[in-house]
Amino acid sequence: MEQIEQSLLELKDLCYSYHSLEGETIALSHISFQIKKGEFTAIVGPSGCGKSTLLSLIAGLDTPESGEIIFHNTGQPASPEQKPRIGYMLQHDHLFEWRTIYKNVILGLEINHMLTPEKLELVTKLLKDYDLYKFRDKKPSELSGGMKQRAALIRTLVMEPDILLLDEPFSALDYQTRLSVSSDICSIIRSTGKTALLITHDLSEAISLAERILVLSRRPATVKCDIPVHLTLTDNSPLASRNAPEFKDYFNLLWKEISDENYRQPEQSGKI
Ligand code: ADP
Ligand code: MG
């Protein structure tokens, strides 16, 4: 019971299928887990197993076939009236080229009629904190991929979401940019104490960024295992965590779980 009180989000026995003319595709099968407030959790699993489906159900974009999604900060099952604030970040930054970075960052506030002086102050603070202030009048195409992802994150954060849902937000970036941007973004999320759920197909990324990893099985996805990550670190940055002595053990453990699911052989980057 105590664990339930601490948790922000609870999934109970969630099932979901797609129906089309070709038939039924069972995507999720009896998924149950809880996410604590402030926790940074990664979800890994094979391509097509149902990860994005899971996130869209949590975001309330689709309705579960059976089972429940409960946000404990509202004390109610997810419903339009009781909806928590959800930040959703996808693979592509979805910045609009005809708007400046500043105009892109305030887009959500504008749409939701939330352009208050306090919110605009927060926008300025975040732009300054994350080194985008001097680029605020530039168009997205004038910025690097990493800067654009930072701008997309700021646009999400200014809405002050209760939970951040990140669906492979770094996979469109090249490997080197990805390392530094994922590290930057993770530090931003940690420093703001946000609850975050990150989908990634990169095992090393999951270990270095998250404090807990949920491994999903092949479709229909079930929770195969739930691994807490504890790394011995001298420097708390996600990049440095790749040098932690336990890193390799977590990698091997995750790889074993994944191999059991008949995945292909490991590549050096640990992508699945
Ligand atoms: P993942 O994000 O893990 O790669 P998805 O959640 O996107 O997987 O998809 C899970 C399964 O559901 C896949 O087999 C996919 O083909 C199928 N699927 C996804 N969206 C639809 C849809 N709109 N209609 C029918 N099947 C879908
Ligand atoms: Mg997906």
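Residues numbered from 1 in each chain as written. Chains lettered and ligands numbered in written order. Predicted model: local features only at pLDDT ≥ 70, side-chain atom pairs only at ≥ 80, totals over all residues. Heavy atoms only, no water.

(A) View of the packing of aromatic side chains. Applying the stated criterion across every chain yields a total of two aromatic pairs. Aromatic pair Tyr-16 and Tyr-18: ring centres 5.1 Å apart, planes at 85°, arrangement edge-to-face. Accessibility expressed as a relative area gives 11% for Tyr-16, which makes it buried. Using a relative accessible area of 36% as the deciding quantity, one classes Tyr-18 as partly exposed. Lying across the ring of Tyr-133, Lys-128 places its NZ or CZ 4.8 Å from the centre. (Phe/Tyr/Trp six-rings, centres within 6.5 Å; stacked < 30°, edge-to-face > 60°. Buried < 20%, exposed > 50% of the residue type's maximum accessible area, 1.4 Å probe, protein only. Lys NZ or Arg CZ within 6 Å of the ring centre and 35° of its normal.)

(B) Main features of the pairing of strand E1 (residues 7-20). Two elements, E1 and strand E2 (residues 23-36), share 10 bridges in a ladder whose sense is antiparallel. Along E2, the bridge assignment pairs Ser-17 with Ile-26. Bridge analysis of E1 against strand E4 (residues 66-71) gives five bridges, and the strand direction is antiparallel. Bridging from a neighbouring strand, Leu-9 pairs with Phe-71 of E4. (Pairing = 2+ DSSP bridges. Helix = DSSP H or I, 4+ residues; strand = E, 2+ residues; numbered from the N terminus.)

(C) Region of the structure containing the layout of surface pockets. In this structure, the largest pocket encloses a volume near 410 Å³. Lining the largest pocket are 17 residues, with Tyr-88, Gly-108, Arg-155, Thr-156 and Met-159 sitting closest to its centre. Elements supplying a minimum of two residues to the lining of the largest pocket: strand E6 (86-89), helix H4 (107-111) and helix H6 (145-157). Broken down by element, the residue count for the lining of the largest pocket peaks at four residues, all from E6. For the lining of the largest pocket, the residue count by class is nine nonpolar, six polar and two charged. (1 Å grid on protein atoms, 1.4 Å probe; cavity = no way out; pocket = protein on both sides within 12 Å on 5 of 7 lines; lining within 4 Å. Points joined across faces, edges and corners; volume = space filled by probe spheres on them. Nonpolar A, V, L, I, M, F, W, Y, C, P; charged D, E, K, R; others polar.)

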